[in-house]
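Breakdown of the fold
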Amino acid sequence: MNLEKVAFIGLGVMGYPMAGHVSNAGYSTKVYNRTESKGREWESQYKGEYCHTPKLASEEADVVAICVGNDDDVRSVVYGENGVLAGMQAGSVMIDHTTTSAELAEELAAACAEKGIHFIDAPVSGGQAGAQNGALTVMCGGEHDIFEAVSPLLDSYAKQATLLGGHGQGQRCKMVNQICIAGVLKGLSEAIVLAQKSKLDIEQVVGVLKHGAAGSWQMENRAVTMSQDKFDFGFAIDWMRKDLGICLDEAKKHNLDMPLTKEVDREYQALQERGLGRMDTSVLIKIKD
Ligand SMILES: NC(=O)c1ccc[n+]([C@@H]2O[C@H](COP(=O)([O-])OP(=O)(O)OC[C@H]3O[C@@H](n4cnc5c(N)ncnc54)[C@H](OP(=O)(O)O)[C@@H]3O)[C@@H](O)[C@H]2O)c1
């Protein structure tokens, strides 16, 4: 397949820099964003064209990448007379980077197949910094040959992109990722409170522990800011609750009870009710305040 023309739909915290990497890598890039001002800002910063609808952005694209909010947001840019599917040509590839349910991935794969279009579900991990630095981890579900064909594009914003199986398996791997994060943050929250009460220097503690068995991305990137009460950045609770809802729904299908994930989800709900929904997930440490 040709891999020259790329459309990027959704220029949020993640999509804006990802689309920027696509343009910087030399692909002919068209972008769409619901709020036009962000699209115009992107256009002024990178080589590429802002289009007024997802359809217009997608019409000549070899690949259409999407990164919006949740399942329904994806549906709203994909379907309908101005949607991505109305513009895409047979033989092209749709890649969805949004974190969604696995059902949506299967639904989109089927809708694409009806038009001879290929689909890859490809949620990402690595946060805003990972997107800005072109260092995301991408978890993919789809056909092997199509994944191989689009890998050079994924490499423009990823440090690692891996095919985990058929449609939906990328999203299921992302669920595993989010469950791990919930547990790590719960442990880290309790540990930091004890460290503070014990008058330990948190930076020193992190410097020591990060090399041992307790080391984690959350510890290296969040422990110090947690101890400083800094939460107005990063990955919002609102997004995490969406993700944990998806995880818990998937668990139900396997008759799995996930008490820790449920507890963290309840605590995030309580923090949302306190108006902290846009704060980074590390604000979990404040649950007892
Ligand atoms: N932020 C992170 O650290 C992170 C990390 C990993 C994965 N993710 C996942 O990546 C996805 C995007 O996250 P983000 O942080 O980039 O979100 P964001 O900053 O809130 O951006 C969301 C984007 O989706 C667009 N959008 C939302 N609803 C839409 C709709 N109904 N129709 C059309 N466009 C719509 C928004 O357009 P407007 O500009 O018009 O609002 C915006 O471009 C989410 O699924 C999130 O869970 C995020």
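Residues numbered from 1 in each chain as written. Predicted model: local features only at pLDDT ≥ 70, side-chain atom pairs only at ≥ 80, totals over all residues. Heavy atoms only, no water.

On to the packing of aromatic side chains, then. Summed over the entire model, instances satisfying the criterion amount to two aromatic pairs. Both rings, one in Tyr-16 and one in Tyr-46, keep their centres 6.2 Å apart while their planes meet at 65 degrees; by these two values the pair is edge-to-face. Taken together, the residues Tyr-16 in helix α1 (residues 15-24) and Tyr-46 in the loop between α2 (36-45) and β3 (49-50) connect sequence positions 30 residues apart. The exposure class of Tyr-16 is buried, given its relative accessible area of 12%. Using a relative accessible area of 17% as the deciding quantity, one classes Tyr-46 as buried. Ring plane angle 35 degrees and centroid distance 5.1 Å describe the contact between Trp-42 and Tyr-46, whose orientation is recorded as tilted. (Phe/Tyr/Trp six-rings, centres within 6.5 Å; stacked < 30°, edge-to-face > 60°. Helix = DSSP H or I, 4+ residues; strand = E, 2+ residues; numbered from the N terminus. Buried < 20%, exposed > 50% of the residue type's maximum accessible area, 1.4 Å probe, protein only.)

Moving on, we get to the packing of helix α9 (residues 169-197) against helix α11 (residues 217-227). In the contact formed by α9 and α11, the axes pass within 10 Å of each other and the chain directions differ by 45 degrees. Here α9 lies oblique to α11, going by the angle between them. When you trace α9 past α11, the crossing you get is right-handed. Within the contact between the two elements, α9 uses Ile-181, Val-184, Leu-185, Leu-188, Ser-189, Ile-192 and Gln-196 and α11 uses Gln-218, Met-219, Ala-223, Met-226 and Ser-227. Along the lines of polarity and charge, the residues of the contact of α9 with α11 split into eight nonpolar, four polar and no charged. (Axes fitted to C-alpha atoms, helices over the stretch in contact; angles between N-to-C directions. Parallel < 35°, antiparallel > 145°, perpendicular 65-115°, else oblique. Left-handed = near helix turned anticlockwise from the far one by under 90°. Contact = heavy atoms within 4.5 Å. Nonpolar A, V, L, I, M, F, W, Y, C, P; charged D, E, K, R; others polar.)

Okay, empty space enclosed by the protein next. All told, the structure shown has one cavity of 30 Å³ or more when counted by the stated rule. Secondary-structure elements contributing two or more residues to the lining of the largest cavity are α9 and α12 (237-253). Ranked by residues supplied to the lining of the largest cavity, first place goes to α9 with four residues. (1 Å grid on protein atoms, 1.4 Å probe; cavity = no way out; pocket = protein on both sides within 12 Å on 5 of 7 lines; lining within 4 Å. Points joined across faces, edges and corners; volume = space filled by probe spheres on them.)

Below, the discussion takes up the pattern of salt bridges. Following the criterion strictly, the structure yields 19 salt bridges and no others. Its salt-bridge partner being Lys-286, residue Asp-229 comes within 2.8 Å of it at the nearest N-O pair. Placement of the pair is Asp-229 in the loop between α11 and α12 and Lys-286 in the segment after α13 (259-273), with a sequence separation of 57 residues. Among the charged side chains, a network of salt bridges with common partners joins Glu-103, Glu-106, Arg-172, Glu-250 and Lys-253. (Salt bridge = Lys/Arg side-chain N within 4 Å of Asp/Glu carboxyl O.)

Glancing now at the domain arrangement of the protein. What the domain assignment reports for the protein is domain 1 (5-166) and domain 2 (172-288). Relative to domain 2, the C-alpha centre of domain 1 lies at a distance of 28 Å. At the junction of the two partners, domain 1 supplies 13 residues and domain 2 supplies eleven residues. Taking both sides of the interface into account, the surface hidden between domain 1 and domain 2 amounts to around 1000 Å²; carbon and sulfur atoms contribute 60%. Of all residues in domain 1, the largest losses of buried area upon contact with domain 2 belong to Thr-99, Ala-102 and Met-139, amounting jointly to 37% of the total for that side. On inspection of domain 1 and its partner domain 2, the count reaches two salt bridges. Across the pair Arg-172 and Glu-106 runs a salt bridge whose closest N-O atoms are separated by 2.9 Å. Where domain 1 touches domain 2, the interface holds five residue pairs in polar contact (both at pLDDT 80 or more). (Domains from an automatic or database assignment. Buried area = accessible area lost by both parts, 1.4 Å probe. Polar contact = N/O pair within 3.5 Å; in protein donor to acceptor, adjacent residues only side chain to side chain.)

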